[in-house]
Structure formats: structure tokens, C-alpha cells
Amino acid sequence: RRSHIVIYITDWKQWYQRRVRGRFAEVLTSRRLLNLSTALYETANAAAGPDDGKLKESLNCLRSEFSGDPLIDSVTSALTSTLSSPLPSFHTLSEQLKELEPRCRRVALVTDSDCGMGSHVASVAMATLTFRDDDYDTKPEDGGCATFYHLSKAQSEMRANNLDMAARHINQMEGEPRSIVTDWLRDARALLELQQSANVLLSYAKLLNHT
């Protein structure tokens, strides 16, 4: 009977040691994921703009060290295509939109269905004779100019550091103004995708560190 007790204690001790070692390994892995996700998040949201080298380094580490995790595999795979070209900073996008605004205003009435000379002349005349109003608030359905309205709202959202809402307004522009802001919208969406993906990974890492 005594030998059975000794065997039982030995088996329990070995099981406990394996459990502790396993839990310790899990903790180290979770902390590693948190560190990498935090680095990715901070780089994605850097005021000077995302550092392409640091982003790719973080992504490569995440993909190689956590290749068996479906969520991490999915997010990092999507980001690989997003980072095929360098991304601008929020400040750069803000300045670019300010530069594009006058061009959009000069063709504000040129739509896909009305792109004749008359609409071009009317757009230039309206842009010349109408004072720039940062608070232009007349919706298109209420008789306002759609281009002026969405540009004003987008600029307002950019001043509030809300790139997502600014991009939503720019996305509603049509005709010639829309073609002018196409590249801006592409870059804004890419930066938003990066930031949102980095936020998902960071939230996931924090969740694992609290379980």
C-alpha cells in the first residue's frame, strides 16, 4: 500500500510539473504575441506614418511564430497585400485632401450623366463666385452641391482626426470630382485597413493574456 502511495505521489508530481511548464510556455507565448502586436499597432498609428520596414518585420515574426493561429494567419495574410506599397501618414492624407479640394470644386457639377461643356463652365463659375465655407451643411437632397457638401464634411472629420468618416464622405462623391480623389481614397482605405487590423491583433493578444 505504501509503495502505491509513493507511486501516486510521484505521478502527481510529474503531472504537476508538466502542467506548470506548459502554463509557463503559454504565458511566454502570450506575452510574445502581445509585444509583437503592440509594436505593430504603434507603428501603424505613428504620427509620422507607418514605417514600412518595421511593419514587415512585425508581420513576418507574427506569421512565422504563430502560423497555426487562424485569426493571425488571416489578418497577416490580408495585410501583406496592403503593404505592397508604402502607406502615407494621416497628416499627409490631410494635406493632400486640402490640395485636391480646389480641383474638385472647379468640376463640382461635372457628373457621369452631365459632363458637357456647360457643366464645366458652371462648375468653374460656382467655384469662383462661391466663398469657401468650412461649415457647408446643405445636403444634396435639400438642393445643395454634393461635391461641396461631402468635401466640407470630409475636411471637418479630418480636423477631428476621424479618417474613417472622412473616407466615407469622399466615397460618396461622383463624376469628375470622384476621379480626382480616387488615389487619395485608395491610400486612406489602405491606412484604415492597416490600423484596424493592428487593433484586432492587439485586442486578441490582450484577451489571450487575460485568460
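This text goes with the structure placed above it.
Throughout what follows, the structure given in this document is the object of discussion. This one's a predicted model, so the numbers in the text were calculated from it and none came from an experiment.

Considerations on the packing of helix H7 (residues 163-171) against helix H9 (residues 182-209)
Here comes step 1: The N-to-C vectors of H7 and H9 enclose an angle of 150 degrees; their axes lie 10 Å apart at closest approach. When you trace H7 past H9, the crossing you get is left-handed. Each of Leu163, Asp164, Ala167, Ile170 and Asn171 in H7 lies in contact with H9, whose residues at this interface are Trp184, Leu185, Ala188, Arg189, Leu191 and Leu192.
Here comes step 2: When the residues that make up the contact of H7 with H9 are grouped by side-chain class, the tally is eight nonpolar, one polar and two charged.

A short note on unusual backbone geometry
Here comes step 1: Residue Asn161 is not a glycine yet carries a positive backbone phi of 60 degrees.
Here comes step 2: Structurally, Asn161 can be placed in the loop between helix H6 (146-159) and H7.
Here comes step 3: With relative accessibility at 61%, the residue Asn161 sits in the exposed group.

Points about the packing of helix H4 (residues 90-106) against H9
Here comes step 1: Contact pair H4 / H9: the axes reach a minimum separation of 11 Å and the direction vectors enclose 160 degrees. With respect to their mutual orientation, H4 and H9 come out roughly antiparallel. Where H4 crosses over H9, the two elements pack in a sense that is left-handed. Residues Phe90, Leu93, Gln96, Leu97 and Leu100 of H4 lie in contact with H9, whose contacting residues are Trp184, Asp187, Ala188 and Leu191.
Here comes step 2: Taken together, the residues of the contact of H4 with H9 break down into seven nonpolar, one polar and one charged.

Regarding the nonpolar core
Here comes step 1: In this structure, Leu40, Leu62, Leu163, Ile170, Trp184 and Leu194 are the most contacted members of the largest nonpolar core, which totals 39 residues.
Here comes step 2: Those elements giving two or more residues to this core turn out to be helix H1 (2-44), helix H2 (52-65), helix H3 (70-82), H4, H6, H7 and H9.
Here comes step 3: With sequence-adjacent residues up to four places away left out, Leu62 is seen in contact with Leu33, Leu36, Ser37, Leu40, Ser67, Ile72, Thr76 and Leu201.
Here comes step 4: Grouped together as the second largest cluster of nonpolar side chains are five residues, Ala108, Cys145, Phe148 and Tyr149 included.

Digging into the environment of His169
Here comes step 1: For His169, the position within the fold is in helix H7.
Here comes step 2: Given the relative accessible area of 12%, His169 is considered buried.
Here comes step 3: Sequence-wise, His169 and Ala154 are 15 residues apart; in three dimensions their C-alpha atoms are separated by 5.7 Å.
Here comes step 4: Each residue touching His169, except ones within four places of it in the same chain, is listed here: Tyr149, His150, Lys153, Ala154 and Glu157.

Cut-offs applied
- Residues numbered from 1 in each chain as written.
- Predicted model: local features only at pLDDT ≥ 70, side-chain atom pairs only at ≥ 80, totals over all residues.
- Heavy atoms only, no water.
- Axes fitted to C-alpha atoms, helices over the stretch in contact; angles between N-to-C directions.
- Helix = DSSP H or I, 4+ residues; strand = E, 2+ residues; numbered from the N terminus.
- Left-handed = near helix turned anticlockwise from the far one by under 90°.
- Contact = heavy atoms within 4.5 Å.
- Nonpolar A, V, L, I, M, F, W, Y, C, P; charged D, E, K, R; others polar.
- Buried < 20%, exposed > 50% of the residue type's maximum accessible area, 1.4 Å probe, protein only.
- Parallel < 35°, antiparallel > 145°, perpendicular 65-115°, else oblique.
- Core = buried A, V, L, I, M, F, W, Y, C linked by side-chain atoms within 4.5 Å.

Bear in mind that shape data such as this cannot, by itself, settle questions of function.
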